[in-house]
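Structure assessment
The chain contents come next:
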Amino acid sequence: MSPKTARPSPSRKRSSSNVAAPSPPPSSSSTPPPPLWAVAATLLFASTPTRVLYPLFSASPTESISSALQVLLAFVAVVTYALLPLPRLLRWQVLVVGLGLVLVSTDGVARVGGERWMKLGVDAGVWVARLAVEGPATVLRWWIVLKWAMARDRRGSVRALCVVALPLYLASGWQPPAIQLVPECYILQAHGLLLILLASTPIPSLSPSTPSTLSPHLRILLLLFSLSLALLTSFTSTHCPSSSLRPAFLPPLTNSTSPILASKKSLTGWIVVGETENKGHSFRYLRADHSLLGGLWVGPARKEVVEKMLEMKVGMWEKVDENAVVGTAESIYSTFIMQEIARFAGVPEKQMKRSEKALIIGLGAGLAARSFEMHGVKTTIVEIDPVVYEFATEYFGVTKPTGGVALEDARVFLSRESKVRYDYIIHDVFTGGTVPSTLFTSEFWTLTKSRLLPTGIVAINFAGNITSRASHLVLSTILSSFSHCRAWEDGPPKGDYRNIVVLCSANPDRPIRMRNPVQVDFIPYPTAISYG
């Protein structure tokens, strides 16, 4: 009898079949995950879109909703990634290219929607603006991060999110000091174009398992389209220096009645010089972000200069002397004139002929400095922002004062110039909607008092909500630092917002007393003459 051939039992066969069957991949995505370098690259400069909005709402209001907004956008990204199949089905290269296109066009979106968002008010406007500018980019970033993290088992995904992705995301808001003065449009466009280039070009050493599926022709078309979008955005944005190279066939950057004369990013924000009209009268203004630093009624002054040219029979083809225009133009707001009343409280009338010295902390458009110089007061200017000084001299007729100019922190200047004493110190440092807190401390006021003569006066400009806690702290610190103070408003109260000038005496035995004006105190501005 022949031996029986051994056969595997059905149960053993099923068992071996189960062992040999491959286990499903732990990834919830049907496409390969992005490499870690792509995740890190997408998280670079994540806070730059926020800074695009500073000229519209200023830094403090724009940043006031950061935590709530980031939590909201992260929640939206996680929910949409979990419920919608699209972010899981799309290749990571497509998501990165989409993010790049969004970044390239962000500055243009902010310029197109800026006026509409500002009309909604600060609270609603900031929310709408930040959702429009940051929402798409933030959601795409989170999709890329989730696509990378979810390509692991559950424990590995949690570890990847907590140990790698979240720290990278939190650190993405930091910018090295070397690029803080680079215009945001350049950062966004360079970052966006780099992401598009890396995602669309096959680089085996970076992502060997996920080669690009784009043909060379499509890749070239994509890069050309992205570059064209970047150029269009930079040419049509007033906050891109390259806008000066705008081709003639593109629409004008601004309304012809409100031209931007100069714009440059600097230490205190975007410094902008422009001209516009109010009730038929044109004026020139200087801004830091959205805050007005000063302005001049150039319309009446220009009219007077033209009339003098006609009287002198100067040909109309001759260009109007803008230095003559701004040299006689008057301030558009009384706030910038009120600082001059320090002259009526400082020196008694019988001593008016002696040489006086003034220190201007915070130049603005240079209106106070110009006035003190016109009255023969030896004036020194301290301004921390070099672009403010540059634009004040070029567009507002500020000349080098007799006391010199120091482009530095006022604390450094006062500490160094310990032997100089002044009759007047004008303190006006409201910039970009915020104030440097170090210039409103008790220590700073003590330092300021030590640089005044016994008859000296300090004039402090203050603007803000008079009922807010911050305003109470600022004003109470001033009042506790000086024995005698008096305040003037620039007009009838309008709600809780106030713009006031506080005069304080350095001498505890000398209260603030105002002398009567004399004829030499008045400057014959053509604005005042034309308004009669």
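Our structure is the block above this text.
This is a predicted model, so every value here is computed, not measured.

1. Overview of the packing of helix α8 (residues 92–119) against helix α9 (residues 122–149)
Orientation of α8 relative to α9, taken along the N-to-C sense of each, is 175°, at an axis distance of 9 Å. In this view, α8 runs roughly antiparallel relative to α9, as classed from their interaxial angle. In this structure, α8 contributes Trp92, Leu95, Val96, Gly98, Leu99, Val102, Leu103, Thr106, Ala110 and Trp117 to the contact, and α9 contributes Gly125, Val128, Ala129, Ala132, Val133, Pro136, Ala137, Leu140, Arg141, Trp143, Ile144 and Lys147. Broken down by class, the residue content of the contact of α8 with α9 amounts to 17 nonpolar, three polar and two charged.

2. Considering helix α17 (residues 367–374)
The buried fraction of α17 amounts to six of the eight residues, a majority that puts the element mostly inside the structure. Backbone geometry just after α17 places glycine 376 at a positive phi near 80°.

3. A word on the packing of α8 against helix α11 (residues 184–200)
Where α8 contacts α11, the two axes come as close as 8 Å, and the packing angle between them is 160°. By the angle between their axes, α8 is roughly antiparallel relative to α11. Along this stretch, α8 crosses α11, giving a crossing that reads as left-handed. Packed against α8, whose contacting residues are Gln93, Val96, Val97, Leu99, Gly100, Leu101, Leu103, Val104, Thr106 and Asp107, the element α11 presents Cys185, Leu188, Gln189, His191, Gly192, Leu193, Leu195, Ile196 and Ala199 at the interface. Its residues assigned to classes, the contact of α8 with α11 shows twelve nonpolar, six polar and one charged.

4. Considerations on the sheet that holds strand β8 (residues 422–427)
With mixed pairing, the seven strands of this open sheet are ordered in space as β7-β6-β5-β8-β9-β11-β10. Of all the strands in the sheet, the pair left with one neighbour each is β7 (405–406) and β10 (484–489). One ladder, built from nine bridges, connects strand β9 (residues 452–465) with strand β11 (residues 497–505); its direction is antiparallel. Bridge pairing in β11 places isoleucine 457 opposite serine 505.

5. Notes on the packing of aromatic side chains
In total, this model carries eight aromatic pairs according to the counting rule given. Ring plane angle 65° and centroid distance 6.0 Å describe the contact between tryptophan 445 and phenylalanine 482, whose orientation is recorded as edge-to-face. On the criterion of sequence distance, the pair formed by tryptophan 445 in helix α20 (residues 442–449) and phenylalanine 482 in the loop between α21 (469–481) and β10 is long-range, its members being 37 residues apart. Accessibility assignment for this pair places tryptophan 445 and phenylalanine 482 in one class, buried. Linked through ring pairs, Phe440, Phe444, Trp445 and Phe482 together constitute an aromatic cluster. Note that arginine 343 overlies the ring of phenylalanine 344, its terminal NZ or CZ placed 5.8 Å from the centroid. Positioned over the ring face of phenylalanine 482 is lysine 449, at 5.6 Å from the centre of the ring.

6. A word on the state of the cysteines
All told, the structure shown has two disulfides when counted by the stated rule. Residue pairing for cysteine 185: its cysteine sulfur links by disulfide to cysteine 240, the two sulfurs lying 1.9 Å apart. Of the two residues, cysteine 185 is situated in helix α11 and cysteine 240 in the loop between α12 (216–235) and β1 (260–266); the sequence distance between them amounts to 55 residues. Each of the two residues, cysteine 185 as well as cysteine 240, counts as buried.

7. Here's the deal with the pairing of strand β6 (residues 378–382)
The side chains of a regular strand alternate between the sheet's two faces. Counting buried positions along β6 gives four out of five residues, so the element sits mostly inside the fold. Where strand β5 (residues 357–361) and β6 come together, five bridges link them in parallel fashion. Residue pairing across strands places isoleucine 361 opposite valine 382, the latter belonging to β6. Between β5 and its parallel partner β6, the chain crosses via α17, and the hand of that crossover is right-handed. Bridge count between β6 and β7: two bridges; the pairing is parallel. Bridge pairing links valine 382 to alanine 406 in β7.

8. Re the nonpolar core
Leu53, Leu99, Trp117 and Trp143 are the most contacted members of the largest nonpolar core, which has 41 residues in total. Of all the elements in the fold, those that place two or more residues in this core are α2 (36–42), α4 (54–57), α6 (66–83), α8, α9, α10 (154–171) and α11. Counting residues per element, this core draws most heavily on α9, at 13 residues. Excluding anything up to four places from it in sequence, leucine 99 contacts Thr42, Ala137, Leu140, Arg141, Ile144 and Leu195. Membership of the second largest hydrophobic core comes to 28 residues, among which are Leu359, Ala406, Leu439 and Cys504.

9. Quick word on the sheet that holds strand β4 (residues 291–296)
The strand order across the open sheet built from four strands is β1-β2-β3-β4, with neighbouring strands paired in antiparallel fashion. What marks the edges here is a single partner per strand, and that holds for β1 and β4. The sheet shows a mean angle of 25° between the axes of neighbouring strands, taken without regard to direction. Pairing of strand β3 (residues 281–288) with β4, which is carried by five bridges, proceeds in the antiparallel orientation. When the sheet's bridge partners are listed, arginine 284 is paired in β4 with leucine 296. Strands β1, β2 (269–278), β3 and β4 of the sheet are contacted by helix α18 (residues 386–395), whose axis makes an angle of about 160° with β1.

10. A few points about the pattern of salt bridges
Enumeration over the complete set of coordinates arrives at eight salt bridges. For arginine 284, the salt bridge is made with glutamate 275, and the minimal N-O distance between the two is 2.6 Å. Taken as a pair, arginine 284 and glutamate 275 share a single burial class, namely buried. The residue aspartate 409 makes a salt bridge to arginine 411 at a minimum N-O spacing of 3.0 Å. The exposure class of arginine 411 is partly exposed, given its relative accessible area of 34%. Connected via shared salt-bridge partners are Glu408, Arg416 and Glu417.

Definitions and limits used
Residues numbered from 1 in each chain as written. Predicted model: local features only at pLDDT ≥ 70, side-chain atom pairs only at ≥ 80, totals over all residues. Heavy atoms only, no water. Axes fitted to C-alpha atoms, helices over the stretch in contact; angles between N-to-C directions. Helix = DSSP H or I, 4+ residues; strand = E, 2+ residues; numbered from the N terminus. Parallel < 35°, antiparallel > 145°, perpendicular 65-115°, else oblique. Contact = heavy atoms within 4.5 Å. Nonpolar A, V, L, I, M, F, W, Y, C, P; charged D, E, K, R; others polar. Buried < 20%, exposed > 50% of the residue type's maximum accessible area, 1.4 Å probe, protein only. Left-handed = near helix turned anticlockwise from the far one by under 90°. Pairing = 2+ DSSP bridges. Phe/Tyr/Trp six-rings, centres within 6.5 Å; stacked < 30°, edge-to-face > 60°. Lys NZ or Arg CZ within 6 Å of the ring centre and 35° of its normal. Disulfide = S-S within 2.5 Å. Right-handed = clockwise from strand over helix to strand, strands pointing away. Core = buried A, V, L, I, M, F, W, Y, C linked by side-chain atoms within 4.5 Å. Salt bridge = Lys/Arg side-chain N within 4 Å of Asp/Glu carboxyl O.

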